[in-house]
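# Structural characterization, general
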Amino acid sequence: MKKTDAIYQKYVDILKRELIPAMGCTEPIALAYAAAKARQTLGCLPERVQVWASGSIIKNINSVIVPNTGHLKGIAAAAAAGIAAGEADRELEVLSGIKKEELSRIREFLDTAEFDIRQAENGKVFDITVTVWKGENYATVRISDYHTNLVLIERNHEILWQKDQDASEDPDEGAGLQMNVQSIWDFADTADLTDVKELLKRQIDCNMAIAEEGLRGDYGANIGKTLLQMDGDNVKTRAKAMAAAASDARMNGCELPVIINSGSGNQGITVSVPVEVYARHLGVTEEKKYRALLLSNLLAIHQKAGIGRLSAYCGAICAGAAAGAGISYLHGGGYREACHTVVNALAVVSGMICDGAKSSCAAKIAVSVEAGIMGYFMYCQGQEFYGGDGIVAKGIENTIRNVGRLGRDGMRETNEEIIRMMIGC
């Protein structure tokens, strides 16, 4: 692919938008960002806080630890952290600068402020509105469609910022729907790495650091450690275990940043850590590793584009399948191997649900990476799933479209039922 091709620059731009740092699970961080922005707009510490959040946001905040809060959980905790100690200008790293001496400020605000938390019923899958009051003065901030997409900033009936809702759809979803596996392969195989190397190096540095911390520390259910104790330290187990360990740490309060993919730190971990583990094991060149990472990252984005940012369809599935394709590239596989790896993996794990961010995400990542690796080695042995095998269709693009339909449309009621179970309705 030539650098002068329009699609070349589009892929570079997508990677620059997607591969950004976030500390902690991205949904509570997005809420903390909105809350910090509301406090900044109000100009003082509020006494009342109202949060309207879509069901999928509630689902993904309900059970996960908010980083830099002393292991607090939940919507009120995320909002309080953003208001009492967050730095709004740092967006998804809004809580990264909180110092230990500021933890008491967060807890005090939680204890003294009045919180009103409600589920938004406006048809939006991703929607957060935070309003804060001090006396009669108020400020409102709304984020919609994706994690940093500010669509409204208002203070005392004066609109300071407003984005046309028709223009607020996630740009990566729109771009993703125009992507295809053949062009992704061509880009990954021929791109000038100077255009993307810094992004990919940062992804590996951050995501491997939290993986190593996950194996050192005691986080959640310690899935990463359990895998190594159960199956030994071979490369396949290590690829699963390190990815799981990174999620162990991230879901349970680790304060190290993660480079995300498709708006998700867990997906960013899944597309990168197993590829890095295999690259080290195989001793491939730096160039080959970075090209495998390009393939893995873009294939995950392409798959998630048809599903949307939040769904009852576990995003680790797409990321694990994409990681399998990256691993196939490291082994010398070509376009066909990458395609069949993805299809085989999707055929195995596409029924796995997302029931919110929490400790069990690490286990789901391990299962998804296993499916990606198995998908590749199935094809190496002349084995594959064919069109007509369930949701598998002839041709990878048709299978990806079916997965998008399943995740976005077919699992919509599943998502609502999960939310009802989680909030006790």
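For the structure, see preceding data.
Residues numbered from 1 in each chain as written. Predicted model: local features only at pLDDT ≥ 70, side-chain atom pairs only at ≥ 80, totals over all residues. Heavy atoms only, no water.

### Brief notes about the side chain of Thr237
Following the sequence through the fold, Thr237 ends up in helix H10 (residues 235–251). Among residues more than four places away in sequence, those in contact with Thr237 are Leu227, Leu228, Asp231 and Gly232. (Helix = DSSP H or I, 4+ residues; strand = E, 2+ residues; numbered from the N terminus. Contact = heavy atoms within 4.5 Å.)

### Re the environment of Glu337
With respect to the helices and strands, the residue Glu337 is situated in helix H14 (residues 335–349). Apart from residues no more than four positions distant in its own chain, Glu337 is found in contact with Ser328, Tyr376 and Tyr379.

### Concerning the environment of Val348
Relative to the helices and strands, Val348 is located in helix H14. Distance in space between the C-alpha atoms of Val348 and Phe385 is 9.4 Å, their sequence separation being 37 residues. In contact with Val348, not counting residues within four places along its chain, are Ala371, Met374 and Phe385.

### What to know about the nonpolar core
Among the nonpolar cores identified, the biggest contains 81 residues, and Phe187, Leu294, Leu295 and Leu298 are the most heavily contacted of them. Broken down by element, the residue count for this core peaks at 11 residues, all from helix H13 (residues 315–330). With residues near it in sequence (within four places) discarded, Leu295 still touches Ile184, Trp185, Ala188, Ala325, Gly326, Tyr329 and Ala338. Counting 48 residues, the second-largest nonpolar core is a separate cluster that includes Ala38, Leu42, Ala81 and Val94. (Core = buried A, V, L, I, M, F, W, Y, C linked by side-chain atoms within 4.5 Å. Buried < 20%, exposed > 50% of the residue type's maximum accessible area, 1.4 Å probe, protein only.)

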